[in-house]
Amino acid sequence: FESRFVSIFCFSTTQVVEAAVANSMLWLLVGCVLAVDVGCVWSVATPSETSEDARELGEALEAGDECRAGSSDSGQQSCGLSAVQLRGQRRSHLGTESGYEAAPAHKVGWMQSERCAGTELHELAFVVCPKSLAQLQEVALDRTNPSSPNYRKWLSRTEVSDLTRNEQGLLELRAHLRAHAPEAGILHASRDGDLLRVLAPVATWESLLSTEFFVYKHEEHNSTILRSNNYLLPGALKEHVSGVLQAINFEQFIPTTMPGIDLNTGSRDTQQPFSSASFGWANFTELQASKGPSLVSPTKLRTIYSMPAIAERGSDLAKVQAKTSQVVYGTLSQHWSPSDRTRFEEPFGIPQDNYVKQLKGQTEGFSMSGDAMCRQNPSDCAEANLDVQYMMAMSPWTQIGYWYVPKADEHGMYTFLNDFMAQFVDDDHPPQVISISYGMPEYLVSKSALVLFETLAMKLALQGTTILVASGDDGAASFLARKKLHGEECWSVPLIGLQVSWPSSSHWVTSVGATVGPASGQPEVACQSNYTGPSTDGKAPLITSGGGYSQALTKPAWQEGIHNESSRGVPDVSLLGHNFAMVVGGRWLSVDGTSASAPTLGGMLSLINSELIAVGRPTVGFLNQLLYATTSRSIFSDVTEGDNRCASLGAPCCGGYDAGPGWDAVTGMGSIDWQKLRDTIMASDV
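The shown structure was predicted, so the numbers you read here are calculated from the model rather than taken from an experiment. Numbers given to residues run from 1 along each chain, matching the order in which its sequence is written. Where totals are concerned, whole chains, interfaces and linings use all residues; where local detail is concerned, this predicted model gives features only for residues with pLDDT of at least 70, and gives and counts side-chain atom pairs only at 80 or more. Heavy atoms throughout the structure, all of them, feed into the side-chain values; hydrogens and water do not.

Peer 1: What is the right way to look at the nonpolar core in this model?
Peer 2: Within soluble globular proteins, side chains that are nonpolar tend to cluster in buried spots. If you look at the biggest cluster of nonpolar residues, it comprises 116 residues, and the most contacted ones within it are Leu245, Phe416, Phe420, Ile436, Trp588, Leu601 and Ile672. Apart from residues lying up to four places away in sequence, Ile436 is in contact with Tyr329, Phe416, Phe420, Ile467, Leu468, Val469 and Ala470. To qualify as a nonpolar core, a set must consist of buried Ala, Val, Leu, Ile, Met, Phe, Trp, Tyr and Cys residues joined through side-chain atoms within 4.5 Å. For each residue, the accessible area found with a 1.4 Å probe, counting protein chains only, is set against the maximum for its type, and the residue is called buried under 20%, exposed over 50%, and partly exposed in between. Listed in part, the 31 residues of the second largest apolar core include Ala103, Val198, Phe214 and Tyr216. Contact between two residues is taken to exist if any of their heavy atoms lie within 4.5 Å; hydrogens are not considered.

Peer 1: Quick question: what am I supposed to make of the environment of Glu641 here?
Peer 2: The secondary structure listing takes helices from DSSP runs of H or I that are at least 4 residues long and strands from runs of E that are at least 2 residues long, numbered from the N terminus. Mapping Glu641 onto the fold places it in the loop between strand E27 (636-637) and strand E28 (671-672). Residue Glu641 is classed as partly exposed on the basis of its relative accessible area, which comes to 41%. A C-alpha to C-alpha distance of 8.9 Å links Glu641 and Pro661, two positions 20 residues apart in sequence. Not counting chain neighbours up to four residues away, the residues in contact with Glu641 comprise Val525, Ala526, Tyr531 and Ala659.

Peer 1: Help me understand the layout of surface pockets in this model?
Peer 2: Where empty space is left can be seen by rolling a probe of water-molecule size over the atoms. Lining residues are those with an atom within 4 Å of a point, where the points come from a 1 Å grid over the protein atoms alone and group into cavities, where a 1.4 Å probe fits but cannot get out, or pockets, open sets with protein on both sides within 12 Å along at least five of seven lines. Grid points are joined across faces, edges and corners, and a volume is the space filled by probe spheres set on the points. For the second largest pocket, the calculated volume is near 590 Å³. Along the wall of the second largest pocket there are 29 residues; nearest its centre are Ser325, His429, Pro430, Pro431 and Gln432. Elements represented by at least two residues in the lining of the second largest pocket include exactly strand E13 (325-330), strand E15 (399-404) and helix H13 (412-425).

Peer 1: Mind showing me how you'd approach the sheet that holds strand E4 (residues 110-115) here?
Peer 2: Strand pairing in a sheet takes place through backbone hydrogen bonds and is either antiparallel or parallel in direction. Only strands that DSSP links by at least two bridges are regarded as paired with each other. Taken together, the 3 strands give an open sheet; going across it, the order is E4-E8-E9, and neighbouring strands pair in antiparallel fashion. On the outer flanks of this sheet lie E4 and strand E9 (224-228), each paired with one strand and no other. Ignoring which end each strand starts from, the neighbouring axes of this sheet average 40° apart. All axes are obtained by fitting lines to C-alpha atoms, using only the stretch in contact for helices, and the reported angles, taken between N-to-C directions, cover 0 to 180 degrees.

Peer 1: Just checking my understanding: could you explain helix H10 (residues 338-345) for this structure?
Peer 2: Residues spaced three or four apart along an α-helix face the same direction, because each turn holds 3.6 residues. Residues of H10 that are buried include every one of Asp340, Arg341, Phe344 and Glu345, and no others. The arc enclosing the buried residues of H10, seen along the axis, measures out at 130°, which places them on a common side. The arc refers to the directions leading from the helix axis to the C-beta atoms.

Peer 1: Could you clarify how one ought to interpret unusual backbone geometry in this entry?
Peer 2: Peptide bonds are trans in most cases, and residues, glycine excluded, mostly fall at negative phi. Going from Trp502 to Pro503, the amide bond is cis rather than trans, its omega being 15°. For Pro503, the position within the fold is in the loop between strand E19 (501-502) and strand E20 (510-516). In this structure, Pro571 follows Val570 across a cis peptide bond, with omega equal to 0°. Within the element layout of this structure, Pro571 appears in the loop between strand E23 (567-570) and strand E24 (573-576). The phi angle at Arg152 is positive, at roughly 60°, despite the residue not being glycine. Tracing the chain through its elements places Arg152 in the loop between helix H3 (133-143) and helix H4 (157-164).

Peer 1: Looking at this structure, I do not really get the side chain of Gln559. What am I missing?
Peer 2: When you line up the elements, Gln559 lands in the loop between strand E22 (548-554) and E23. With relative accessibility at 0%, the residue Gln559 sits in the buried group. At a separation of 3.0 Å, a polar atom in the side chain of Gln559 contacts the side chain of Tyr628. In this structure Gln559 touches Ser567, Arg568, Gly569, Asp572, Tyr628 and Trp663, once residues within four positions along its chain are discounted. Here a polar contact is taken to be a pair of N or O atoms separated by no more than 3.5 Å, where protein atoms must pair a possible hydrogen donor with a possible acceptor and residues adjacent in sequence count only if both atoms sit in side chains.

Peer 1: Would you take a moment to explain the packing of helix H12 (residues 382-394) against helix H16 (residues 594-614) for this structure?
Peer 2: In a packed pair of helices, the relevant descriptors are the angle between the two axes and the axis-to-axis distance. The geometry of H12 relative to H16 is characterised by a closest axis approach of 7 Å and an angle of 30° between their N-to-C directions. Taken as axis vectors, H12 and H16 run roughly parallel relative to one another. As H12 packs across H16, the resulting crossing turns out to be right-handed. Touching Glu383, Leu386, Asp387, Tyr390, Met391 and Met394 of H12 are Ser595, Ala596, Pro599, Thr600, Gly602, Gly603, Met604 and Leu607, all from H16. Any angle that is under 35 degrees is reported as roughly parallel, and any over 145 degrees as roughly antiparallel; angles of 65 to 115 degrees are reported as roughly perpendicular and all others as oblique. Handedness of a crossing is defined here by the sense of rotation of the near helix relative to the far one, left-handed for an anticlockwise turn of less than a right angle and right-handed for a clockwise turn.

Peer 1: Can you help me understand the sheet that holds strand E7 (residues 195-201) in this one?
Peer 2: If you trace the 4 strands from one edge of the open sheet to the other, you get E6-E7-E5-E11, paired in antiparallel fashion. Of all the strands in the sheet, the pair left with one neighbour each is strand E6 (185-189) and strand E11 (241-245). Adjacent strand axes in the sheet meet at a mean angle of 25° when their direction is disregarded. Where E6 meets E7, 4 bridges bridge the pair, whose relative direction is antiparallel. Bridge assignment links Ile186 to a residue of E7, and that residue is Val198. Across the sheet, helix H14 (residues 447-461) lies against strand E5 (121-128), E7 and E11, angled at about 120° from E11, the strand it touches most.

Peer 1: Would you explain the pairing of strand E16 (residues 433-436) in this entry?
Peer 2: A regular strand places its side chains so that they alternate between the two faces of the sheet. Side chains Val433 and Ser435 project from E16 onto one buried face, and the interleaved Ile434 and Ile436 project onto a second face that is buried too. Relative to E16, E13 runs parallel, the two being bridged by 4 bridges. Each bridged residue has a counterpart across the sheet, and for Tyr329 the counterpart in E16 is Ile436. Strand direction decides the pairing type here: E16 and strand E18 (residues 466-470), joined by 4 bridges, are parallel. In the sheet register, Ser435 faces E18, and the bridge partner there is Leu468.

Quick look at the structure:
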């Protein structure tokens, strides 16, 4: 299952050309340099410093190569670049970063309307660079490297703050705002100063950032936002500010239904929402009889992945497991149901002593309100219930939290980053395992948002937190493959290429894909919606595991020699993700999704954390350097069959990759044997 919030960026060399698609004028980004390192210090050279700049701009304007104020990228007129864009593009072409960031070339439903009134208030957030990004990266890589004498010697919250807080940058940013934006008011500064939220009139932002703000209206939803097409940071800020949020990011609305749920309606079409009519099965026995041997349960997962039996209530092992912590991330108005969880656990002998702690939104998704909501509209509970039920099933004594953020809307990415920072990064005791079953096409993520998340994830890695992210359910082309443009499918691939899901593509998370097969005693193959072989009892899965190569992040050091591309490859590992038994609204269903695989792995890691804690050793933390080490190859069962060319529900098939020996962009390194992973971690030097 995926949630989709959206923006676009290109770090380096960019050309802009006109492309007519289905009678609609689009701007097509081509020649984007993919393999670039995230960097916070932008070039301090300002666009107006040289006579060459003035001459170049003058020639462009004389040639009519400037978009006039009020022009729209969705209209029929043809125009080139604005003055600010021209300057930014020139510097990008020269291989330097100038503090310039542009909005998405195609905004997927957002239509530019009138100019904003200068007096209208608008909130922006300035992303402040760490004190030394190079040092932060160096320390994080060292502490997560199994070959280092500092491996898994995690830092305290205070030590991380001392390493990253850019006091000088914050002082200069505040001083610049006082001097050049006196109307601006600071709303909030994060604990380490990574993000400074500021409210000011639009006219103030237009002057400060050399831009123009417009009202954008969504053609399918009753929603409006204030955004610019580009902005340019003042020269005085480029050393300490990597970018601005809420200026050029355009969020994407998504369907309220999810593709991986079998409603037992006799149809493969799951795009119809749940109704009050009967759906699913009355009990696990009926579900099992209908689904056959490929049905996945917690009991079967423990056998397939060589996991230990559940610790006895009151045992020393259960007590030490209770000292570990794991968290599920939820959004899209997803609630979890306590009574559904209890009903799910009964057939498998899972202890029900533990409970889910609500980390945000105490009045939503919790206790009886969650139960009532799951019965009124079970589609509002499917994802949350799946994640909670399987993470708890794998490690039932571990303290578990449900981190809930409001439904994704036109401010979805901004809300996600704010809450991720406030809930975990700014906490003195962050959870040891975080599982995220949501994502968005990477090209739609602004540079500023990407840089901020990489910094936050590194800070959590340094404190021993493992972040797992589902790789997506729509193959190599992302959910955009299912979103038609003027009736055309696969329109996004010629324009922007195949798309990995973010934050699954982050350097500092473990990306988890999906497989099928072992549940019915068959060979393990990639989970793909166009597969009907013996591994699925002849019934095609509803989803296709996501994977591919980043268009924004370079190949990390731990993937050197693993594949031939120059950028980050995903996923890292895979687990079963087809035909998972679960309970929603009191009824039994089966579900497909990488969002089943990720929380399952999360629970497995919590069991290993408990063994480490029992002998006084640090938690597992960031996994990837260990997973890709040559000494860890025995952990995996290689998956060599399948591909990710098709989206969920079998169509459309927009292109993708094949599984093969070793790492591949469909199943990663393969599936994990828990016992071998546990033994490898316990044997590692600390």
